[in-house]
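# Structural characterization, general
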Amino acid sequence: MTRHALGRYALRLVALLTALGLWQLLTALDVDIWLRFSQFPTVTDVAHAFAGRLTGSDYWTDLTDSLTRILSGFLLAAVLGVAVGVLVARSRLAEDLLGPVLEVVRPIPAIALVPVAILLFPDNEQGIVFITFTAAFFPVLVSTRHAVRALTPVWEEAVRTMGGGRWRILGAVVLPGALPGIFGGLSVGIGVSWICVISAEMISGQYGVGYRTWQDYTVVDYPGVFVGMVTIGVLGWVTSTAVELLGRRLTRWLPRTSYVPGGRSRSAVLPATAPVPGPVVDKAEGDSQYQPDAQQQGSGETEQEARDEHLV
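The structure reproduced in this document is the subject of the present report. (Residues numbered from 1 in each chain as written. Predicted model: local features only at pLDDT ≥ 70, side-chain atom pairs only at ≥ 80, totals over all residues. Heavy atoms only, no water.)

## Comments concerning the overall build of the protein chain
- Within the protein chain, the secondary structure is distributed over 11 helices and 6 strands.
- For the protein chain, the residues scored as buried account for 32% of the 312 residues in total.
- Looking at the protein chain alone, contacts between residues at least 24 apart form 65% of all its contacts between residues at least 6 apart.
- Accessible surface computed for the protein chain: about 19,400 Å², of which carbon and sulfur atoms make up 64%. (Helix = DSSP H or I, 4+ residues; strand = E, 2+ residues; numbered from the N terminus. Buried < 20%, exposed > 50% of the residue type's maximum accessible area, 1.4 Å probe, protein only. Contact = heavy atoms within 4.5 Å. Areas by Shrake-Rupley, 256 points an atom, 1.4 Å probe, with all protein chains shown as cover.)

Here it is, written out as structure tokens:
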């Protein structure tokens with residue numbers, strides 16, 4: 001890890017500690033300047049409540065239930081969202097049949113479908129998974145559709161020229177080319193899923209982090225409410241980070257840019273001074289020769305350093 005990466009981690013830690021210190025100061029002094037911090041529990045109160053929850057079995061049961069619901073709904077939304085997005089983007093018939101229905105349902109907030117889920121499914125567990133699925137489905141669908149439509153037709157024509165069929169084009173051109181857009185939709189979808197699953201648990205759940213947070217609020221256990229909020233935030237951060245890291249792993253063939261001071265971006269593969277021959281085709285004679293290609297060159301250390309900085 002480079003010194004620059006360590007500095008960024010240290011800066012993030014300082015920012016987090018500063019926020020916690022400010023929270024502790026405002027609540028301990030009962031500051032009431034328009035915002036009523038006197039009503040808030042202190043950081044130490046929340047920490048003590050958190051430690052007490054960790055020793056009990058209910059906390060881990062709630063955690064398991066919420067994770068099961070979010071993963072079930074999100075994985076189902078990821079599979080169907082990508083499949084329907086590719087289908088709508090590639091088929092005019094599918095767009096004409098499914099497009100109007102999807103566009104009418106898409107603006108409806110997923111949490112507004114709680115009454116529908118209660119009426120439609122035999123138990124609350126399936127209804128909560130349905131709400132989670134609906135929340136993640138449309139971001140994935142829309143991102144996939146736009147990513148597939150943005151692909152250049154030259155790649156598809158190249159595969160057709162070499163004798164490739166529809167499935168070959170789908171596996172070698174469409175899905176790999178649309179992966180960045182797909183994972184953008186997945187990152188948005190996992191965040192929206194957490195918002196909706198917590199809301200659904202508060203309304204109709206039995207067990208779960210959202211259900212427990214609402215119960216703590218009804219009995220005026222404000223440190224317990226903040227324990228639930230912190231748990232939700234950590235779970236959302238972990239799952240969204242996992243989706244982002246998976247996306248970077250599957251799209252590591254893409255050129256990366258890293259931020260540098262002065263508002264300039266630096267490519268992960270920088271041009272080198274020594275040229276390396278690359279093939280070029282002479283259209284007149286049909287034979288191949290080699291010419292320098294400075295854009296394909298780069299230093300191994302520079303590439304690794306830029307990739308590390310980008311992942312920080």
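Anyway, onward from the coordinates.
## Some remarks on the side chain of Thr27
- When you line up the elements, Thr27 lands in helix H1 (residues 3-28).
- You can call Thr27 buried: its relative accessible area is 2%.
- Within the local environment of Thr27, its side chain forms a polar contact with the backbone oxygen of Trp23, the two atoms lying 2.7 Å apart.
- Residues contacting Thr27, with those up to four places away along its chain left out, are Phe37, Phe40, Pro41 and Thr42. (Polar contact = N/O pair within 3.5 Å; in protein donor to acceptor, adjacent residues only side chain to side chain.)

## Quick look at the nonpolar core
- Of all hydrophobic cores here, the largest spans 50 residues; its most connected members are Leu102, Ile131, Phe137, Leu186 and Trp194.
- Going through the elements one at a time, helix H3 (57-90), helix H5 (114-120), helix H6 (124-149), helix H8 (166-204) and helix H10 (222-250) are the ones with two or more residues in this core.
- Take this core: its biggest share by element is 14 residues, from H8.
- When residues no more than four places from it in sequence are discounted, the contact partners of Phe137 are Ala77, Leu80, Gly81, Val84 and Leu102. (Core = buried A, V, L, I, M, F, W, Y, C linked by side-chain atoms within 4.5 Å.)

## Side note on a nonpolar patch on the surface
- Taken together, the side chains of Met202, Ile203, Trp214, Tyr217, Val220 and Tyr222 make up a nonpolar region of the molecular surface, amounting to roughly 580 Å² of accessible area.
- Within the residue set of the nonpolar patch, elements represented by two or more residues are H8 and helix H9 (209-218).
- Within the secondary structure, Val220 is located in the loop between H9 and H10. (Patch = residues over 30% accessible without salt bridge, like charges linked within 9 Å, V, L, I, M, F, W, Y side chains within 5 Å. Salt bridge = Lys/Arg side-chain N within 4 Å of Asp/Glu carboxyl O.)

## Observations regarding the side chain of Ser66
- Its location among the elements puts Ser66 in helix H3.
- Taking relative accessible area as the criterion, Ser66 reaches 0% and is therefore assigned buried.
- Here Ser66 is in contact with Trp194, Glu201, Gly208 and Val209, once residues within four sequence places are set aside.

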